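For reference, the chains in residue letters:
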Amino acid sequence: MSAFDDWRARSPYYDDTHDALARSVRRFVEREIAPHIDRWEAEGELPRELHKKAAEAGILGLRYPEEYGGHSEGFDNFHSLVVTEELAAVGAGGLGASLMTHGIGLPPILALGSEELKRRVAPAVLAGDKIIALGITEAGGGSDVANLKTRAVKEGDHYIVNGGKMFITSGMRADWLTCAVRTGGQGAAGISLLLIDMDAPGVERTRLDKMGWRCSDTAAIHFSDVRVPAENLIGPVNGGFIGIMRNFNSERLGMAMGCCAYARVALAEAAEWAKQRETFGKPLVGHQSIRIKLADMERQIETTQAWVDLCAWQVKKGKDRPADFAMLKVQATRMLEAVAREAAQILGGASYITGSKVERIYREVRVNAIGGGSEEIMLDLAGRQLFGGR
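Here is a short report on the structure shown in this document. (Residues numbered from 1 in each chain as written. Predicted model: local features only at pLDDT ≥ 70, side-chain atom pairs only at ≥ 80, totals over all residues. Heavy atoms only, no water.)

1. Quick look at the overall build of the protein chain
Looking only at helices and strands, the protein chain features 14 helices and 10 strands. The C-alpha atoms of the protein chain give a radius of gyration of 21 Å, which matches the 21 Å a tight globule of 390 residues would have. By its C-alpha atoms, the protein chain is 80 × 50 × 40 Å across when sized along the principal axes. Here the protein chain holds 390 residues, and the buried ones make up 53% of them. In the protein chain, the share of contacts with a sequence separation of at least 24, taken over all contacts with a separation of at least 6, comes to 74%. By element, 53% of the accessible surface of the protein chain is carried by carbon and sulfur atoms, the whole surface being about 17,000 Å². Between the centroid of the 48 positive side chains of the protein chain and the centroid of its 51 negative side chains there is a distance of 3 Å. (Helix = DSSP H or I, 4+ residues; strand = E, 2+ residues; numbered from the N terminus. Rg over C-alpha atoms; globule rule 2.2 N^0.38 Å. Buried < 20%, exposed > 50% of the residue type's maximum accessible area, 1.4 Å probe, protein only. Contact = heavy atoms within 4.5 Å. Areas by Shrake-Rupley, 256 points an atom, 1.4 Å probe, with all protein chains shown as cover. Lys, Arg positive; Asp, Glu negative; His and termini not counted. Charge placed at Lys NZ, Arg CZ, Asp CG, Glu CD.)

2. So, the packing of aromatic side chains
Applying the stated criterion across every chain, the model contains 3 aromatic pairs. For the pair Tyr13 and Phe78, a centre-to-centre distance of 5.2 Å together with 15° between the ring planes defines the contact as stacked. Residue Tyr13 is found in the segment before helix 1 (16-33), and its partner Phe78 is found in helix 4 (residues 77-87); the two are separated by 65 residues along the sequence. By relative accessible area, which is 26% here, Tyr13 ends up partly exposed. Ring pairs connect the aromatic residues Trp7, Tyr13, Tyr14 and Phe78, which therefore count as one cluster. Positioned above the aromatic ring of Trp7, the side-chain terminus of Arg8 is 5.9 Å from the ring centre. Lys130 extends its terminal NZ or CZ atom over the ring of Trp176, reaching a point 5.8 Å from the ring centre. (Phe/Tyr/Trp six-rings, centres within 6.5 Å; stacked < 30°, edge-to-face > 60°. Lys NZ or Arg CZ within 6 Å of the ring centre and 35° of its normal.)

3. Considering the packing of helix 10 (residues 288-316) against helix 11 (residues 322-347)
Contact geometry of helix 10 with helix 11 gives a least axis separation of 10 Å together with a crossing angle of 160°. Relative to helix 11, the element helix 10 is oriented roughly antiparallel. Helix-helix and strand crossings are classified by hand; for helix 10 and helix 11 the assignment is left-handed. Here the contact of helix 10 with helix 11 is built from residues that sort into 17 nonpolar, 6 polar and 3 charged. (Axes fitted to C-alpha atoms, helices over the stretch in contact; angles between N-to-C directions. Parallel < 35°, antiparallel > 145°, perpendicular 65-115°, else oblique. Left-handed = near helix turned anticlockwise from the far one by under 90°. Nonpolar A, V, L, I, M, F, W, Y, C, P; charged D, E, K, R; others polar.)

4. Comments concerning the pairing of strand 1 (residues 132-135)
Side-chain alternation along strand 1 places Ile132 and Leu134 on one buried face and Ala133 and Gly135 on a second face that is also buried. In terms of strand pairing, strand 1 meets strand 4 (residues 176-182) through 4 bridges, oriented parallel. Paired with Gly135 across the two strands is Cys179, which belongs to strand 4. (Pairing = 2+ DSSP bridges.)

5. So, the pattern of salt bridges
The tally for this structure, following the rule as stated, stands at 27 salt bridges. Here Glu85 ties to Arg8 by a salt bridge, and the two come within 3.4 Å at their closest N and O atoms. Note that Glu85 is positioned in helix 4 and Arg8 in the segment before helix 1, a separation of 77 residues in sequence. Ionic pairing is found between Asp209 and Arg214, a salt bridge with its closest N-O pair at 2.9 Å. Taken together, the shared-partner salt bridges connect Arg8, Arg26, Glu85, Glu86 and Arg264 into one network. (Salt bridge = Lys/Arg side-chain N within 4 Å of Asp/Glu carboxyl O.)

6. So, the packing of helix 1 against helix 4
Where helix 1 contacts helix 4, the two axes come as close as 9 Å, and the packing angle between them is 30°. Classified by the interaxial angle, the pair formed by helix 1 and helix 4 is roughly parallel. The crossing of helix 1 and helix 4 is right-handed. Contact residues: helix 1 offers Thr17, His18, Leu21, Ala22, Val25, Arg26, Val29 and Ile33, while helix 4 offers Phe78, His79, Val82, Val83, Glu86 and Leu87. Its residues assigned to classes, the contact of helix 1 with helix 4 shows 9 nonpolar, 3 polar and 2 charged.

7. Here's the deal with the nonpolar core
Counting residues in hydrophobic clusters, the biggest one holds 63 residues, and the most contacted among them are Ile33 and Leu95. The dominant element in this core, judged by the number of residues it contributes, is helix 9 (residues 241-276), at 13 residues. In this view, Leu95 contacts Ile33, Ile37, Leu46, Leu50, Leu87, Val90, Met100 and Cys215; residues no more than four positions away in its chain are not counted. Of all hydrophobic cores here, the second largest spans 25 residues; its members include Tyr68, Ile104, Ile109 and Ile244. (Core = buried A, V, L, I, M, F, W, Y, C linked by side-chain atoms within 4.5 Å.)

8. Quick notes on the side chain of Arg264
Relative to the helices and strands, Arg264 resides in helix 9. A distance of 3.4 Å separates a polar atom in the side chain of Arg264 from a polar atom in the side chain of Glu85. (Polar contact = N/O pair within 3.5 Å; in protein donor to acceptor, adjacent residues only side chain to side chain.)

9. Quick word on the environment of Val161
Inspection of the secondary structure puts Val161 in strand 3 (residues 158-169). Excluding residues that lie within four positions of it along the chain, Val161 makes contacts with Thr150, Arg151, Ala152, Val181, Leu194, Ile196, Phe223, Ser224, Asp225, Val226 and Val228.

10. A short note on helix 4
The buried fraction of helix 4 is high, at 9 of 11 residues. Where helix 4 is concerned, the buried positions are Asn77, Phe78, His79, Leu81, Val82, Val83, Glu85, Glu86 and Leu87. Each element contacted by the buried residues of helix 4 is listed here: helix 1, helix 5 (93-99), helix 9 and helix 10. Capping of helix 4 at its N-terminal end is provided by Asp76; its side-chain oxygen lies 3.0 Å from the backbone amide nitrogen of Phe78.

11. Some points on the side chain of Glu138
Examined against the element boundaries, Glu138 turns out to sit in the loop between strand 1 and strand 2 (151-155). A polar atom in the side chain of Glu138 sits 2.7 Å from the backbone nitrogen of Lys149.

Distances and angles like these do not, on their own, reveal function.
Structure (structure tokens):
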């Protein structure tokens, strides 16, 4: 167990099985990812074969049903948090976002889809042979999911889809897109989910360049009279909104854990720099102001981790509530922003040069605060659920 993750040994939520999984994922990261991550960041995407290797290592299928090629027996949601943390060790947020993109694209199918659809899609995804992404956000809508405009009209045994999606993670490499479309009237009650073959005629993709998450390909997607078989409907007609909302809770918990993990990476790099860098005749860590910064970074990480673990335990026990995930995401992203800033202060000019993990993490602060629901949307959601209002 390394200094990066020895906090788990002091937590009541983690045991030897979680530590064993951590060691396994860490070996995979050290062997298959760390030597290449800088090149993948420069290239703007992960190689498809990494998904295959991650599947063979048991990472992709963790906590998915055995009958579809997953590994669920003996694993809980804290094992998933362990994977999130270990993947963060290289300090590149796009890695987890893109490699684990099935974590947001596949659950709606397993929760709502027909048995035929599950068996057609899930095994190929969990084996790393196919990549699935989630298409919710639109250029004019952002977090206003209930008012999405992409429309699907039923014609015989097909749906005809027109519209577009924006900021889609793994959108350039995805074979399938779990896509939110409007099949009914306005508002949440008119939304359905469709599985769209991304090689279908009428699908156009445009690569988007980004400030951070650079090794994760991101796309704008346009649909022009795309024909989707009716059997690709995920769940009931006009019943897709609940599937979207269920997905958001787990996504926000995972993002919060990721924020804790990247904050630890930044803290570790800053602490090591403070021990080695000398100013005014002594190491940086010998200055009281630097020790205060480091201790305050640790304080913020530990308090946020405690809330992450509590929410994960509540999910495990069926005692969770959506407002907590919304507030937790705000807490975690603000914590990461504060820790990344202080880490950059400690590294000084070195934090502004590409090559340090702190530099990369600092660039990726904003995507965490925006993706999965902006701070303002999250706090308003929590406020309405807890205290009433429209």
